[in-house]
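# Fold and contact review
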Amino acid sequence: MSIFLVLIIIGVLITLIVESLPSIKSSGIKYLWGKVWDPVQNIYGAYPFLVGTLLTSFIALIISIPFSYAIAIYLGEYNPKGWLSDLLKNTVELIAAVPSIIYGFWGLFILVPLIRTLEIKLQIIPFGVGVFTASIILAVMIIPYGASLGITLIRMVPSPLKEGAYALGATRFEVIRKVIMPYTRTGLFAGVLLSLGRALGETMAVTMLIGNSTAIADTFKNLIFGPGNTMASVIANEFAEADHTLYLSALIELGLVLFAVTVVINLIGKRIITRFTNN
Amino acid sequence: MEPKIGMRNLKSSAFKGVIIFFAFVITIPLIIILLYIIKQGITQVNWHFLTNVPAPPGEKGGGIANALVGSFIMVMLAAVAAVPIGMLAGIYLSENPRTKLAYYSGLCVDILQGVPSIVVGIVVYFWVVKPFGTFSALGGSIALAIMMLPIIIRSTEQTLKLLPDSLKEAALSLGVPYHRVILKVIVPCGFAGILSGITLSIARVIGETAPLLFTALGNRFFSTNLTKPMESLPHVIFNYATSPYDDWHDLAWGASFILLVFVLTLNIVTKVITRKWKIQL
């Protein structure tokens, strides 16, 4: 049965590569930085989607890091036991449990109008949907992944280390900054990597909120607030309507890129964690 | 020269305040989302809603019976496929942790856990939908099963690894054959952990939309035919949420509410199981 598992992964990889061959043959490596995505004229460049994916993921990551670190420090160090910490821990797990389609739906009806009013105040074209909106929802969705790993890691810091620092007269903040943080740094970084992997592949919520525009924005403001597209959202939107082989295979190549990137990120993250927990 | 102790204490307290603020602020969006879904959804849910298929736009009424049944069939079918495979693989991984095959399949579990759900959808499209020439519930189930596997495998493996070796050794020394030791001693002892992994994986996939987009597709009508397109709860939400009709939005809120109830119940069940048997997942 374990062989079966290995076969699934190999099968996934082979299917993706074989099916994206027509596109790889016709566009070659240029595919990755071609700026135009025009199915009608059979020109496929993935650059706008790469930018969109990286942008949403990194904005989401930046928003989420303070929260997930705070939860990790609070539940790992300040308040590891008791009903309040149980309550908070369960709530954070609940955030991960809510299906992404529900985040998307809620975002579409509540967050989008809010962002629209904000954009009118900032005097930007009020799309409502866009990269920024998608990033906010994405940030909420990935917080639990960084946080739950962080909690475990911070609890693993040996207490003699902390006690030593306290004995030298360090305050709690100093212990956290100079003992706990350096000790757990690589592990927390792995947590960030794993939530990045989540964010890159997230499909439904992003598809509903990003606005699905294949053009690349001209100004910085439009890049952040205007509609965009990620690799996953393009696939979700256009896969069903791809009517010729090259179009379809260009979309699958996107899937292949997405697969490769998330696999690499996840494996690096997992490797760091295993090394950390074994030491 | 270090700053004064008063200053340092102040800094420490201030930091604690910031941490507590950030840690608890995150519960606000969750509470808002949950309350909003409940508020919008609970008024939609009644017997008519649960037992009827969607009405055409403009007409009042209509329900999500086809999506409920569809989701149920597909998730159950996925579980039937994924549970035995996942359990066997998990048992193998915990019994033979040092072999080469275990290393590679462990690696594959890690990879599978990180694969974006949309990619699973694409792949199953080429494995099932294209050869058969039609979107089918079967394809949806296979996609869901692939997503369930890593969770079941990992929970089985983790639970069985926690069992003391003496348990197995005692059974073996009584002359019980190896396969019976696994079936009658190891698996029953770790049953709660395996069960919690199964409920968790069901909770995870019941809300998955992306792998169903290109496989089960969705169906406006009531269908239990596995070789035909089938509706599912998350897909019905996606379709109706992005539609321009208010009636359909209401349907989608109702469907979201039902989906949320399912997911939360399954999560609580998992919690109760793990709490009762004190398992760490």
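Residues numbered from 1 in each chain as written. Chains lettered and ligands numbered in written order. Predicted model: local features only at pLDDT ≥ 70, side-chain atom pairs only at ≥ 80, totals over all residues.

Take the overall build of chain B next. A count of helical and extended segments in chain B gives 13 helices and zero strands. Each helix and strand of chain B, ordered N terminal to C terminal, gives the series α-α-α-α-α-α-α-α-α-α-α-α-α. The C-alpha atoms of chain B give a radius of gyration of 24 Å, which is well past the 19 Å a tight globule of 281 residues would have. Projected onto its principal axes, the C-alpha positions of chain B cover 70 × 70 × 35 Å. Across the 281 residues of chain B, 46% fall into the buried class. Within chain B, contacts between residues at least 6 apart in sequence are counted, and of these 75% link residues at least 24 apart. (Helix = DSSP H or I, 4+ residues; strand = E, 2+ residues; numbered from the N terminus. Rg over C-alpha atoms; globule rule 2.2 N^0.38 Å. Buried ≥ 20, exposed ≤ 12 C-beta atoms within 10 Å, placed from the backbone. Contact = placed C-beta atoms within 7 Å.)

Within chain A, the regular secondary structure consists of 11 helices and two strands. Counting every position in chain A, which comprises 279 residues, the buried fraction comes to 50%. Pairs at least 24 residues apart make up 75% of the contacts formed inside chain A by residues separated by at least 6 positions.

For the rest of this paragraph, the subject is the domain arrangement of chain B. Reports often express the size of an interface as the amount of accessible area lost when the parts come together. All names here are of chain B. When the domains of chain B are assigned, the result is domain 1 (5-42) and domain 2 (47-277). Listed as interface residues are five residues of domain 1 and, on the opposing side, five residues of domain 2. Looking at the side of domain 1 that touches domain 2, its residues break down into three nonpolar, two polar and no charged. (Domains from an automatic or database assignment. Nonpolar A, V, L, I, M, F, W, Y, C, P; charged D, E, K, R; others polar.)

Detailed reading of the predicted coordinates is not advisable wherever pLDDT is low. Put simply, chain B has an average pLDDT of 86, and 95% of its residues get 70 or more. The ipTM for the predicted assembly is 0.87, set against a pTM of 0.89. (pLDDT = per-residue confidence, 0-100.)

Now for the interface of chain A and chain B. Each side of the interface is counted separately: chain A has 56 residues, and chain B has 59 residues. Take the side of chain A that touches chain B: its biggest share by element is 11 residues, from helix 1 (residues 2-27) of chain A. A class-by-class count of the residues in the side of chain A that touches chain B yields 43 nonpolar, 10 polar and three charged.

With that settled, consider the nonpolar core. Core analysis: the biggest nonpolar cluster contains 165 residues, and Ile 71, Ile 137, Leu 138 and Ile 235 of chain A together with Met 148, Ile 237 and Ala 255 of chain B have the highest contact counts within it. Summarising the domain contributions, this core has at least three residues from each of domain 1 (5-42) and domain 2 (47-277) of chain B. If we ignore the near neighbours within four places in the chain, the residues touching Leu 138 of chain A are Thr 56, Ala 60, Ala 199, Glu 202, Ala 205 and Val 206 of chain A. (Core = buried A, V, L, I, M, F, W, Y, C linked by C-beta atoms within 7 Å.)

Running from N to C, helix 1 of chain A and helix 6 (residues 117-132) of chain B cross one another at 85°; their axes reach a closest spacing of 10 Å. The angle between the axes of helix 1 of chain A and helix 6 of chain B places the two elements in the roughly perpendicular class. On the side of helix 1 of chain A, the interface is formed by Val 12, Thr 15, Leu 16 and Glu 19 of chain A, while helix 6 of chain B contributes Val 123, Phe 126 and Trp 127 of chain B. A class-by-class count of the residues in the contact of helix 1 of chain A with helix 6 of chain B yields five nonpolar, one polar and one charged. (Axes fitted to C-alpha atoms, helices over the stretch in contact; angles between N-to-C directions. Parallel < 35°, antiparallel > 145°, perpendicular 65-115°, else oblique.)

This next bit is on the environment of Ile 186 of chain B. Residues and elements named next belong to chain B. Along the polypeptide, Ile 186 turns up in helix 9 (residues 178-189). Judged by C-beta crowding, with 19 C-beta atoms within 10 Å, Ile 186 ranks as partly exposed. Distance from Ile 186 to Pro 164, taken between C-alpha atoms, is 9.8 Å for residues 22 residues apart in sequence. Once residues within four sequence positions are removed from consideration, Ile 186 is found in contact with Leu 160, Leu 163, Lys 168 and Val 181.

What follows covers helix 5 (residues 100-114) of chain B. An ideal rise of 1.5 Å per residue puts 21 Å on 15 residues; helix 5 of chain B measures up with 22 Å between its terminal C-alpha atoms. Within the span of helix 5 of chain B, buried status applies to Ser 105, Gly 106, Cys 108, Val 109, Ile 111, Leu 112 and Gly 114 of chain B. Check the buried side of helix 5 of chain B and you find it contacts helix 1, helix 7 (172-201) and helix 11 (245-278) of chain A together with helix 4 (65-95) and helix 7 (137-162) of chain B. (Expected span 1.5 Å × (residues − 1).)

This part is about the environment of Met 76 of chain B. Examined against the element boundaries, Met 76 of chain B turns out to sit in helix 4. C-alpha of Met 76 of chain B to C-alpha of Ile 206 of chain B: the two residues are 130 residues apart in sequence and 9.9 Å apart in space.

Residues and elements named next belong to chain A. Within the secondary structure layout, Ala 190 lies in helix 7. With 83 residues separating them in the primary sequence, Ala 190 and Ile 273 have C-alpha atoms 6.5 Å apart. Among all residues touching Ala 190, those that are not within four sequence positions of it are Gly 269, Ile 272 and Ile 273.

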